[in-house]
Amino acid sequence: MENILAVVAHPDDLEIMAGGTVLKYKSLGAKIHVLVITNGSWISEKGQTMRSINEAKLEFENVSKFMQYDSYEMLNEKTLHIEYKDDLVCEILKRIDFYKIDTIITCWEKDTNHDHFIVSQLAKIAGKKVPRILMGQINYYMNDFLPRNNPCPSSRTSPASPPS
Ligand SMILES: [Zn+2]
């Protein structure tokens with residue numbers, strides 16, 4: 001793996017999902033390019049701004065410098081409203097060609113977060129000629145993580161404290 005493109009929905013997705021993996025590949029000489037599809041802002045269901053676009057940009061820039069990414073960009077899609085559309089596939093394709101990407105890291109395709117799910121679809125379509133697409137877990141609420149008829153089998157997990 002020489003040229004890695006991370007395609008994620010939100011500014012903190014990559015570090016939560018694969019921060020250690022990225023640092024390992026970076027230490028082995030890989031170039032790391034990051035494309036965040038949303039502008040990173042987040043507005044609550046009550047309409048309160050929890051994170052502004054400027055705050056998201058600043059946080060993204062700080063973590064990208066800390067992680068020493070070779071490039072990092074944020075598009076301007078609205079959080080929780082990413083749509084599957086061809087121009088987003090083209091945005092990913094442009095970076096695949098420009099950076100000669102041989103590996104994509106993206107969200108797990110069965111993540112139930114709307115944005116994560118759509119981004120994984122976009123990355124898969126854009127990356128159909130890329131030799132490796134690695135998907136990672138961001139949240140625990142993935143579709144197939146636990147069986148639907150037995151969502152919390154005692155042999156696999158036990159709650160730290162009883163539900164209140
Ligand atoms: Zn996310």
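Quantities reported herein were computed from a predicted structural model and do not represent experimental measurements.

Asker: Go over the overall build of the protein, please, and point to the residues and values.
Answerer: Scanning the protein for helices and strands turns up 4 helices and 7 strands. In the protein, the succession of helices and strands from N to C terminus is β-α-β-β-β-α-β-α-β-α-β. The burial tally for the protein puts 32% of its 164 residues in the buried class. A fraction of 76% describes how many contacts in the protein between residues 6 or more apart in sequence connect residues 24 or more apart.

Asker: Could you give me a rundown of the sheet that holds strand 1 (residues 3–8), with the residues and numbers involved?
Answerer: Pairing is parallel in the open sheet, where 5 strands are placed in the order 5-2-1-6-7. The open sheet terminates on both sides in strands that have one partner only, identified here as strand 5 (71–77) and strand 7 (132–136). Each adjacent strand pair in this sheet contributes to an overall mean axis angle of 20°, direction not counted. With 4 bridges joining them, strand 1 and strand 6 (residues 103–107) adopt parallel strand pairing. Paired with Leu 5 across the two strands is Ile 104, which belongs to strand 6. The strands touched by helix 3 (residues 86–98) are strand 1, strand 2 (31–38) and strand 5; relative to strand 2, the strand with the most contacts, the crossing angle is about 170°. Of the strands in this sheet, strand 1, strand 2, strand 6 and strand 7 touch helix 4 (residues 114–126), which is tilted by about 160° from strand 6.

Asker: Tell me about helix 1 (residues 13–27), and please be specific about residues and values.
Answerer: With 15 residues, helix 1 should cover 21 Å at 1.5 Å per step; its first-to-last C-alpha distance of 20 Å lies within 8% of that length. Buried residues of helix 1: Asp 13, Leu 14, Met 17, Ala 18 and Val 22, and no others. Backbone geometry just downstream of helix 1 places Gly 29 in the positive-phi region, at approximately 105°.

Asker: With reference to specific residues and values, describe helix 4.
Answerer: Helix length check: helix 4 (13 residues) gives 18 Å between terminal C-alpha atoms against 18 Å at 1.5 Å per residue, within 8%. Of all the residues in helix 4, the buried ones are Asp 115, His 116, Phe 117, Ile 118, Val 119, Ser 120, Leu 122, Ala 123 and Ala 126. Contacts from the buried residues of helix 4 go to strand 1, strand 2, helix 3, strand 6 and strand 7.

Asker: Can you break down the nonpolar core residue by residue, with the values?
Answerer: Ranked by size, the top nonpolar core spans 35 residues in total, and within it Ala 6, Val 7 and Val 119 carry the most contacts. Take this core: its biggest share by element is 6 residues, from helix 4.

Asker: Lay out the pairing of strand 6 with the relevant residues and their values.
Answerer: On a regular strand, one side chain projects to one face of the sheet and the next to the other, so that they alternate. A large share of strand 6 lies buried, amounting to 4 of its 5 residues. In terms of strand pairing, strand 6 meets strand 7 through 5 bridges, oriented parallel. In the strand pairing of strand 7, Thr 106 is matched with Met 135. For the crossover from strand 6 across helix 4 to strand 7, the handedness is right-handed.

Asker: Give me the lowdown on unusual backbone geometry, citing residues and values where you can.
Answerer: For Gln 68, which is not glycine, the phi torsion reads 60° and is therefore positive. Within the element layout of this structure, Gln 68 appears in the loop between helix 2 (53–67) and strand 5. Unlike most non-glycine residues, Leu 80 shows phi in positive territory, near 70°. Owing to 14 C-beta atoms within 10 Å, Leu 80 belongs among the partly exposed residues under this scheme.

Asker: Please set out the environment of Glu 91 residue by residue, giving values where relevant.
Answerer: Among the structural elements, Glu 91 can be located in helix 3. Classification of Glu 91 by C-beta neighbours within 10 Å gives partly exposed; the count is 18.

Rules used in this analysis
Residues numbered from 1 in each chain as written. Predicted model: local features only at pLDDT ≥ 70, side-chain atom pairs only at ≥ 80, totals over all residues. Helix = DSSP H or I, 4+ residues; strand = E, 2+ residues; numbered from the N terminus. Buried ≥ 20, exposed ≤ 12 C-beta atoms within 10 Å, placed from the backbone. Contact = placed C-beta atoms within 7 Å. Pairing = 2+ DSSP bridges. Axes fitted to C-alpha atoms, helices over the stretch in contact; angles between N-to-C directions. Expected span 1.5 Å × (residues − 1). Core = buried A, V, L, I, M, F, W, Y, C linked by C-beta atoms within 7 Å. Right-handed = clockwise from strand over helix to strand, strands pointing away.

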